[in-house]
Protein chains: 2
Amino acid sequence: METSSDFLSSVTENLAVVTFDTKTNITYASDLFAQTMGYSKEELLKMQHRDLCFSSFVNSASYTEFWKRLLAGQTFQDQVLRKGKGNKKVYLEANYFPLRDEAHNLTGVCKVCFDKTKSTSTLIKSIGEIGQITNTVHEIAYNTNILAVNTALQAVRSSENSNGFSVVAKEMRKLSKDVDQSSKDIRETVQNILHQLNVIDQDAY
Amino acid sequence: METSSDFLSSVTENLAVVTFDTKTNITYASDLFAQTMGYSKEELLKMQHRDLCFSSFVNSASYTEFWKRLLAGQTFQDQVLRKGKGNKKVYLEANYFPLRDEAHNLTGVCKVCFDKTKSTSTLIKSIGEIGQITNTVHEIAYNTNILAVNTALQAVRSSENSNGFSVVAKEMRKLSKDVDQSSKDIRETVQNILHQLNVIDQDAY
């Protein structure tokens, strides 16, 4: 491996790194972290972790629990939504881990993260498109059902082809129901995906 | 910030880190990297970068280009598919950056990565479910069209309600076409998402 100092400078030069003390105050920020969040390093050094989170997360029980675990020495890795300068949404793939002194006492928490804002936004847009198309499918199912009802009415009025119309109406209603069920299933899956991406719970601020 | 040595040991202890020389030989692997790939550190030190990739990627022009850029000092960040021990698929959110000596000469490449195998697999499964449901929607559209054709035939045979049947058949065919178009749109979006997640191109080995 490279000498420690060369390696360390490469890491801090090329990765978005931020450290916090046990009071959650920011104690260090790499250039790339500052750039990712849109703040200067000087600004960041006056801030706390909560200043980079949307209020819905900060005010939740999860937030207290999150820090309780970190300060107990636990690690954490996930995609998270954070608040950049001007309330800009920043999606980070983040890894939190404890910093310890030589006596193994916890002195703070380090966060190394990758900026996933662009790719996550594209992904959310694509999934949103599926949601939109699914709405269209739902509308078509609705229209198919109306057509089925009208056909059934015609069947009642009709004499000669009453049976034929009735069969068509019944089949159509079934198909309409099946399409509608599918659109519901897709919607549910879309919600699951958004939930997996952690873009729902903390979305508001 | 913490003292350099404390910080460095925290980084290598808690992150999956691997370094390569300019010949792409592995020169260092952290415990977590070894664990993520399923190899021992000793095994890894006898391996090259290509041994951790599926052959479809290694044999592609992208692979040559990828290393050409890294050795020119460029950084790279993306979700990648890698090959763990026993050909296990490992999804990594990876960040590659150059290592340099004091004279700023490039001595190798460092890769810091987070294991995304579990969450990516879940995501791919969910997206696959959307694909499945969409197949169902496509089949329903097909059945609706058959029903429309049969209704049109009945309209020809019928005397009294010929007009009513024709209108129903025409409407049904339109709805069937609309549903089918929607299922095609969803499928296309699903393919786009899989492409964004980098799970298509390098999928085979």
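It should be emphasised that the depicted structure is a prediction, and the values quoted were computed from it without experimental measurement.

Some remarks on the interface of chain A and chain B
- With 69 residues of chain A at the interface, the matching set in chain B holds 69 residues.
- There are 2 salt bridges connecting chain A and chain B.
- Between Lys116(B) and Glu93(A) there is a salt bridge, with the nearest N and O atoms lying 2.9 Å from each other.
- Our enumeration of links across chain A and chain B arrives at 4 residue pairs in polar contact (both at pLDDT 80 or more).
- For the side of chain A that touches chain B, the secondary-structure elements that each account for two or more residues are helix H1 (4-14), strand E1 (16-21), strand E2 (26-29), strand E3 (76-83), strand E4 (89-100), strand E5 (106-115), helix H6 (117-157) and helix H7 (162-196) of chain A.
- Residue contributions to the side of chain A that touches chain B peak at 16 residues, all from H6(A).
- Its residues placed into classes, the side of chain A that touches chain B shows 30 nonpolar, 26 polar and 13 charged.

What to know about the confidence of the model for chain A
- Per-chain confidence: chain A averages 87 in pLDDT, with 93% of residues scoring 70 or above.
- Counting contacts from residues 201-205 of chain A, a segment whose pLDDT is below 50, to residues more than four positions away or on other chains yields 17 contacts.

Remarks on the sheet that holds E4(A)
Residue and element names in this part refer to chain A.
- Ordered in space as E2-E1-E5-E4-E3, the 5 strands form an open sheet in which the pairing is antiparallel. Each edge of the sheet is formed by a strand with only one pairing partner; in this case those strands are E2 and E3. Adjacent strand axes in the sheet meet at a mean angle of 30°, parallel and antiparallel pairs treated alike.
- With 8 bridges connecting them, E3 and E4 associate as antiparallel partners. Its bridge partner being in E4, Asp-78 is matched across the sheet by Ala-94.
- Sheet strands in contact with helix H5 (residues 61-71) are E1, E3, E4 and E5, and its direction is about 120° off that of E5.

Some points on the packing of aromatic side chains
- A full pass over the atoms with the stated rule returns 15 aromatic pairs over all chains.
- Measuring from centroid to centroid gives 4.9 Å for Phe66(A) and Phe76(A), while their planes differ by 85°, and the two rings are edge-to-face. Note that Phe66(A) is positioned in helix H5 and Phe76(A) in strand E3, a separation of 10 residues in sequence.
- Given the relative accessible area of 26%, Phe76(A) is considered partly exposed.
- Taken together, a centroid distance of 5.8 Å and an interplanar angle of 65° make the contact between Phe76(B) and Tyr96(B) edge-to-face. Remark: Tyr96(B) occurs in strand E4 (residues 89-100) and Phe76(B) occurs in strand E3 (residues 76-83); sequence separation between them is 20 residues.

Quick look at the relation of the copies chain A and chain B
- Turning chain A through 180° and shifting it by 0.0 Å along the axis lays it on chain B, with an RMSD of 0.1 Å. In the structure described here, the two chain copies are related by an operation that fits a two-fold rotation axis.
- A share of 100% of the interface residues of chain A reappears at the interface of chain B, consistent with the copies meeting face to face through the same patch.

Describing the pairing of E1(A)
Residues and elements named next belong to chain A.
- Taken across its 6 residues, E1 has 5 buried, putting it largely inside the fold.
- Across 6 bridges, E1 lies against E5 in antiparallel orientation. Within the sheet, the bridge partner assigned to Asp-21 lies in E5 and is Gly-108.
- Summarising the sheet, E1 and E2 pair through 3 bridges and their orientation is antiparallel. Within E2, the residue paired with Thr-19 across the bridge is Tyr-28.
- The turn linking E1 back onto E2 is made up of 4 residues, and Thr-24 within it adopts a positive phi angle of 70°.

Quick notes on the side chain of Ser183(A)
Residue and element names in this part refer to chain A.
- Note that Ser-183 resides in helix H7.
- Overall, the relative accessible area of 1% leaves Ser-183 in the buried class.
- In this structure Ser-183 touches Thr-134, Val-137 and His-138, once residues within four positions along its chain are discounted.

What counts and how
- Residues numbered from 1 in each chain as written.
- Chains lettered and ligands numbered in written order.
- Predicted model: local features only at pLDDT ≥ 70, side-chain atom pairs only at ≥ 80, totals over all residues.
- Heavy atoms only, no water.
- Contact = heavy atoms within 4.5 Å.
- Salt bridge = Lys/Arg side-chain N within 4 Å of Asp/Glu carboxyl O.
- Polar contact = N/O pair within 3.5 Å; in protein donor to acceptor, adjacent residues only side chain to side chain.
- Helix = DSSP H or I, 4+ residues; strand = E, 2+ residues; numbered from the N terminus.
- Nonpolar A, V, L, I, M, F, W, Y, C, P; charged D, E, K, R; others polar.
- pLDDT = per-residue confidence, 0-100.
- Pairing = 2+ DSSP bridges.
- Axes fitted to C-alpha atoms, helices over the stretch in contact; angles between N-to-C directions.
- Phe/Tyr/Trp six-rings, centres within 6.5 Å; stacked < 30°, edge-to-face > 60°.
- Buried < 20%, exposed > 50% of the residue type's maximum accessible area, 1.4 Å probe, protein only.
- Least-squares fit on C-alpha atoms with pLDDT ≥ 70 in both.

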